[in-house]
Amino acid sequence: MPTVLAIETSCDETAVAIVNNREIKSSIISSQIPVHRQYGGVVPEVASRSHLETINYTISQAFEESGLSWEQIDGVAATSAPGLVGALLVGLTAAKTLAMLHEKPFLGVHHLEGHIYATYLSEPSLNPPFLSLLVSGGHTSFIHVRECGNYETLGGTRDDAAGEAFDKVARLLKLGYPGGPIIDQIAKEGNPLAFALPEGRVSLPNNAGFHRYDASFSGLKTAVLRLVQNIEAEGREVPVRDVAASFQHTVARALTKRTIACALDYGLNTIAIGGGVAANSGLRSHLSVACAENNLRVLFPPLKYCTDNAAMIGCAASEHLALGHTSPLTLGVHSRLALTQVMSLYQN
Ligand code: KG4
Ligand code: ZN
C-alpha cells in the first residue's frame, strides 16, 4: 500500500501526517483552540492566517517524527472539501506545490470520508459495510459505508450540527468555548431528568430533499434558552448542572434512537462513531446500552482519531491511491460537497 503525506486544514487544526494504509508513521496536530477561544468561536480569517504561519513547521515535524524522507513518499494529499474556504486553500496549495516539486501524485480528500477512515486507524481489521455516525462541530451524519468512495447518507441534521448545539448551549449558559467538553463535565453532577426538553422530532414523509433519519437541534437550543430566561425572570438562580445534564441527555437520546433505527433498517451490525462529540460520555453510554440491547457492535475510536487530524486524511488517500485514484492539479476547494460526490475529486 502507498505511503502518503497528508495535510488537513479545513477548520481550526493545522495537521500533517504520514500514513501507510492503516498505519500511522507520524501525526502532528497544531491546535488553534487557544487562539479562537478569545473570540468565543472559530474566526475564519484568523484560522487561515494561523494555518499559513504553522503549516511549514508542521510538515517538517511530520517528516522528523516518521524518520522518512521524500523518496519513501508515494503521494501527497490534502482535504479539499468541505470546510472553510480560506483555511482549506492553505493546505491544498501546500500539498499541490509539494506534489509538483517532488513529482508525486496529488489527491484531494473529502473531510467526511477522512472521518470515516479514522475508525480504521484503531480498528485496522474493520471492513465495510458498516454504519458511521459522524458528530462534530460542523457535521451530524448517519452514513452507510459501502466501500471506498461509495457512501449513502441516511440522515443528517436539518439545522445545527450536534457539536454546534453543545457550543451554543454552553455559550448561553456562559460556560466558555468549546462548550461540548465543559457541558459533558458539569453534566456529570446534574440530574439528566430535571427538565423535559424537546428532542427535535421532524415530520418525515413527503419532505423532498430530507432523509428519514434527520435530526434537528435548533428547537432544543431555543427550549434551553426559554428555560433559562424563565428561571431568570423568576429571580431564581439557574441550576446550570441540571440544565446541562438534561440537554446532553436529550441530544444523546435523539442521536441514539436514529442510529439504532438506521443500523437495524439497513442490516448493518457494526456502528463506528467519529467527530468531537463522540467523546461525549452521555452519548457513549446511551449508544452502548442500546447497541447491547440490539446485538450491535459499536466502535468508539480514541478521541485523537475522532477530532480533526491528518492521519485520517492520509488513511483515506492511501486507499484511493492504491486503487489508482489521483486528483488533477487544477482541483479547487469547496465549502460544501456531498459525500456522494467523493469520486468527483478524482480523475480516474
Ligand atoms: O471533530 P471536531 O474536533 O471538529 C469539527 O467540528 O470538525 O469537533 C469539535 C466539536 C465541538 O463542537 C466540541 O464542542 C465538540 O466537538 N465536543 C464535544 C465533546 N468534546 C468535543 N461535545 C460533547 N461532549 C464532549 N465531550
Ligand atoms: Zn471534522
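My aim in this report is to walk through the structure given alongside it, one point at a time. The shown structure was predicted, so the numbers you read here are calculated from the model rather than taken from an experiment. (Residues numbered from 1 in each chain as written. Chains lettered and ligands numbered in written order. Predicted model: local features only at pLDDT ≥ 70, side-chain atom pairs only at ≥ 80, totals over all residues. Heavy atoms only, no water.)

### Details of the coordination of the zinc ion (ligand 2)
Now for step 1: Those donors, His 111 (NE2), His 115 (NE2) and Asp 308 (OD), are the protein atoms that reach the zinc ion (ligand 2), and they lie 2.1 to 2.2 Å from it.
Now for step 2: Each of the four donor atoms around the zinc ion (ligand 2) contributes to a set of angles spanning 88 to 136°, which defines the coordination as irregular.
Now for step 3: For the zinc ion (ligand 2), the donor residues sit on a single chain with the sequence spacing H-x3-H-x192-D. Placement of His 115 in helix H4 (residues 111–122) and of Asp 308 in the loop between helix H10 (303–306) and helix H11 (311–322) is noted, with a sequence separation of 193 residues between them.
Now for step 4: Assessed through its relative accessible area of 2%, His 115 is described here as buried. (Donors = N, O, S within 2.8 Å, 3.2 Å for Na, K, Ca; no water. Tetrahedral: all angles 85-135°; square planar, octahedral: opposite > 155°, others 65-115°. Helix = DSSP H or I, 4+ residues; strand = E, 2+ residues; numbered from the N terminus. Buried < 20%, exposed > 50% of the residue type's maximum accessible area, 1.4 Å probe, protein only.)

### Some points on the sheet that holds strand S10 (residues 297–299)
Now for step 1: Spatial strand order, S8-S7-S6-S9-S10: five strands in an open sheet with mixed pairing. Every other strand in the sheet has two partners, leaving strand S8 (150–155) and S10 as the edge strands with one partner each. The average undirected angle you get between the axes of adjacent strands in this sheet is 25°.
Now for step 2: Examined bridge by bridge, strand S9 (residues 270–274) and S10 share three bridges and lie parallel to one another. Within the sheet, the bridge partner assigned to Thr 270 lies in S10 and is Arg 297.
Now for step 3: With respect to the sheet, H4 is in contact with strand S6 (130–135), strand S7 (140–147), S8, S9 and S10, its orientation differing from that of S6 by roughly 120°. (Pairing = 2+ DSSP bridges. Axes fitted to C-alpha atoms, helices over the stretch in contact; angles between N-to-C directions. Contact = heavy atoms within 4.5 Å.)

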